Amino acid sequence: MEVADGVDSESKIQQRRMRRVGLLYDERMCKHSTPDGGQHPENPDRIKVIWNKLQAAAIPQRCVILGAKEAEDKHILSVHSKNHVNLIKNISSKQFDSRRNRVASKFNSIYFNEGSSEAAYLAAGSAIEVTERVAKGELDSAVAIIRPPGHHAEQDEAMGFCLYNNVAIAARFLLDEKPELGINKILIVDWDVHHGNGTQKMFWKDPRVLFFSVHRHEFGSFYPATDDGFYTMIGEGPGAGYNINVPWENGRCGDADYFAVWDHILVPVAKEFNPDLIIVSAGFDAAAGDPLGGCRVTPYGYTVMLKKLMDFAHGKIVLALEGGYNLESVANSVLACVEVLLEDDPIHGSSEAYPFESTWSVIQAVRQKLSSFWPSLADELPEKLTNKKAPPAAYILTSSSDSEEEDYEAPNAISKHLEEVLQHVIEPLSKLKINESIQDHAASNSNTWRSELSKVDVWYATFGSNLWLKRFLCYVEGGQVEGMKKPYLGSGDKTPPKEIMWKTFPHRLFFGREFTHTWGPGGVAFLNPKSNIQDKTYMCLYRITLEQFNDVLVQENVASFATSSPLFDLAALNSVTSEEPHSLQVHSELKRCWYGNVVYLGKESNIPILTMTCTQSDMEGFKSGELAVCAPAKNYANSIVRGLVEGKQLSQEAAMAYIQEASTKPL
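Residues numbered from 1 in each chain as written. Predicted model: local features only at pLDDT ≥ 70, side-chain atom pairs only at ≥ 80, totals over all residues. Heavy atoms only, no water.

- In the annotation of an unreviewed UniProt entry, the chain is listed under the name histone deacetylase and assigned to Prunus armeniaca.
- One UniProt comment on the chain, placed under Subcellular location (unreviewed entry), says "Nucleus". (UniProt positions renumbered as here; feature names shortened; annotations may be inferred.)

What follows is the structure in structure tokens.
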């Protein structure tokens with residue numbers, strides 16, 4: 001906060017002395033590391049370099065140094081399940097020595113070692129400690145330099161490097177355990193480059209918490225690669241309107257993009273919400289040079305965002321570290337933020353002149369969606385403002401580790417060895433680059449499975465946009481067709497289908513979800529995994545190899561997985577075809593994806609017929625309303641119509657009526 005003109009230097013110094021900033025760091029949290037000692041982006045050096053940077057700037061001497069405390073189970077249980085708490089509590093014990101890695105492999109982007117339990121309890125307990133001190137007024141603000149991070153951790157699942165949801169635990173502690181402190185409304189600002197899916201779900205129906213997340217999303221193709229981070233996800237019941245997502249449609253977003261979001265969404269809503277305390281899920285992986293983020297926020301950008309937040313809640317702000325994997329940029333960014341809390345003279349900086357055009361589009365979509373909840377968002381932004389925009393960012397299908405594609409100026413270069421390590425570690429939660437084919441990517445891995453599965457034929461039964469042959473060939477040959485927002489990679493084997501035929505099956509066709517990265521807003525086709533003789537769905541069957549089927553499975557789920565092994569191998573094929581037609585959820589990495597359920601539909605010419613759709617649990621979610629049922633986008637529907645017409649199954653009018661019925665008939 002800048003001091004007004006006319007205030008002398010002595011008054012400035014006195015004001016700084018009055019500002020009490022808490023600082024928490026404990027080296028015991030460094031005990032959580034990879035079990036084999038290998039390099040990993042989420043490693044102990046992340047907090048060590050921050051602490052060393054602060055010490056070099058003589059920051060600790062000016063702060064109140066706090067000791068880390070382990071969280072109590074009862075406080076963790078306020079947001080996590082008993083099973084999850086028991087797992088994290090015991091995962092570092094000797095009884096798990098022989099199976100620790102196997103347990104970790106069941107989760108998305110998680111590792112465990114002998115120090116994981118202690119570090120997780122310290123991170124959660126430290127978040128509680130700093131927020132309680134600030135809530136009591138003992139401190140004006142505080143920074144918790146903690147790890148492992150937390151915002152991806154869900155009620156019953158560790159994921160995305162996160163074991164316990166530190167920020168959610170701290171917020172729930174104040175609201176439920178300390179009502180006497182008068183903290184009745186908490187604003188959680190998540191500026192980590194990845195969506196805070198765990199935190200969102202924990203306060204989905206809670207109007208006491210306004211959860212705000214700005215993140216790289218790219219229509220659900222950027223980690224955590226779900227629709228949870230879309231702007232239409234606004235909360236439910238009493239919490240409706242208290243969940244705000246600002247999803248970037250591309251990488252390279254920088255200071256100007258974030259400032260526009262602060263000025264035209266967050267600050268107006270924060271004024272209306274009038275929080276009693278602010279907790280920042282302070283990930284610094286949107287910083288320029290971060291190997292996972294691909295964005296361009298500078299230390300100056302973080303200081304501006306933080307200074308704007310200090311105007312609320314009487315400056316009661318807690319920063320809890322989340323992501324940030326470029327050691328130099330995360331250290332510089334944290335230092336800049338601590339100096340803001342200490343009310344040092346602001347650092348100087350500049351950013352690109354204007355936000356991207358896509359940024360203005362997202363801002364306007366968010367404002368329109370939430371205007372009925374927050375009157376300050378109801379007015380249209382003037383064209384003279386939104387016309388000030390940077391050249392469009394080229395849409396690149398990148399991995400979560402896309403530093404090679406981004407031309408930002410990195411604070412420091414990443415070693416070639418670390419780049420290789422990152423590519424290996426992040427592959428399960430990333431996508432292949434567009435200028436690589438699956439075949440190119442596979443070249444560096446074992447091709448044994450490809451050779452084996454290329455000898456086995458299956459019928460792939462399609463029921464959505466792939467009914468149109470030209471659209472389906474995008475999965476085989478690569479490319480895109482009219483209406484698609486991005487091209488596909490193609491299969492390792494680009495041979496067209498050997499045969500094509502049409503059949504109908506007794507399964508229910510419907511349209512669900514609210515958008516896709518390929519078609520934009522609107523639902524996409526799903527099939528009820530369970531058959532019903534009263535239902536009838538037209539399906540186009542393509543005779544392809546099991547190798548190609550695996551490549552389609554990868555591309556349908558908007559993710560890339562290590563191609564050293566298939567997602568659906570011969571054992572899975574034998575399993576799914578060993579009984580009457582039934583379904584099989586394949587590969588642990590696909591359990592959160594939309595089309596991770598392979599359904600066996602019988603045989604044709606003694607060749608198994610397979611399709612892919614949602615799991616039965618997702619089906620129940622669609623029926624209950626937990627997951628959105630939504631009519632398809634025009635371009636998506638047109639692709640289905642073209643497939644049915646060109647396949648000589650229905651006239652155009654009948655095809656449109658077929659889609660209309662599937663869209664409107666209750667599940």
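Still more ground to cover, so stick around.
### Overview of the packing of aromatic side chains
In step 1: The full count for this structure, using the stated rule, is 28 aromatic pairs.
In step 2: Arranged with centres 5.3 Å apart and planes meeting at 85 degrees, the rings of Tyr121 and Tyr164 form a pair that is edge-to-face. Taken together, the residues Tyr121 in helix H6 (residues 116-136) and Tyr164 in the loop between strand S3 (141-145) and helix H7 (166-177) connect sequence positions 43 residues apart. Tyr164 shares its class with Tyr121; the two are buried.
In step 3: Summarising the aromatic geometry, the rings of Phe510 and Phe526 are spaced 5.8 Å apart at their centres and angled 25 degrees between planes, so their arrangement reads as stacked. Residue Phe510 is located in strand S11 (residues 507-512), and its partner Phe526 is located in strand S14 (residues 524-531); the two are separated by 16 residues in the primary sequence.
In step 4: For Phe526, a relative accessible area of 0% translates into the label buried.
In step 5: Put simply, the rings of Trp191, Phe212, Trp262, Phe284 and Tyr302 touch in pairs and so form one group of aromatic residues.
In step 6: Sitting above the plane of the Phe96 ring, Arg99 keeps its charged end 4.2 Å from the centroid.
In step 7: Arg471 extends its terminal NZ or CZ atom over the ring of Tyr475, reaching a point 4.6 Å from the ring centre. (Phe/Tyr/Trp six-rings, centres within 6.5 Å; stacked < 30°, edge-to-face > 60°. Helix = DSSP H or I, 4+ residues; strand = E, 2+ residues; numbered from the N terminus. Buried < 20%, exposed > 50% of the residue type's maximum accessible area, 1.4 Å probe, protein only. Lys NZ or Arg CZ within 6 Å of the ring centre and 35° of its normal.)

### Describing the packing of helix H9 (residues 255-273) against helix H10 (residues 299-309)
In step 1: Two elements in contact, H9 and H10, have axes separated by 9 Å at closest approach and are oriented at 10 degrees. Compared by their axis directions, H9 and H10 come out roughly parallel. Note on element contacts: H10 touches H9 through Tyr300, Gly301, Val304, Met305, Lys308 and Leu309, opposite Asp255, Tyr258, Phe259, Trp262, Asp263, Leu266 and Val267.
In step 2: Taken together, the residues that form the contact of H9 with H10 break down as nine nonpolar, one polar and three charged. (Axes fitted to C-alpha atoms, helices over the stretch in contact; angles between N-to-C directions. Parallel < 35°, antiparallel > 145°, perpendicular 65-115°, else oblique. Contact = heavy atoms within 4.5 Å. Nonpolar A, V, L, I, M, F, W, Y, C, P; charged D, E, K, R; others polar.)

### Considering the pattern of salt bridges
In step 1: Tallied over the full model, the rule gives 34 salt bridges.
In step 2: Between Arg28 and Glu118 there is a salt bridge, and its shortest N-O distance comes to 3.9 Å. Of the two residues, Arg28 sits in the loop between strand S1 (21-25) and helix H2 (45-56) while Glu118 sits in helix H6, which places them 90 residues apart along the sequence.
In step 3: With its nearest N and O atoms 2.9 Å apart, the salt bridge here joins Arg208 to Asp206.
In step 4: A relative accessible area of 10% places Asp206 in the buried class. (Salt bridge = Lys/Arg side-chain N within 4 Å of Asp/Glu carboxyl O.)

### Concerning empty space enclosed by the protein
One simple way to see leftover space: roll a probe sized like a water molecule over the atoms.
In step 1: Under the criterion given, the structure shown has eight cavities of 30 Å³ or more.
In step 2: In this structure, the largest cavity spans a volume of roughly 350 Å³.
In step 3: Contributing to the lining of the largest cavity are 29 residues, with Thr516, Val524, Glu556, Trp594 and Tyr595 lying nearest its centre. (1 Å grid on protein atoms, 1.4 Å probe; cavity = no way out; pocket = protein on both sides within 12 Å on 5 of 7 lines; lining within 4 Å. Points joined across faces, edges and corners; volume = space filled by probe spheres on them.)

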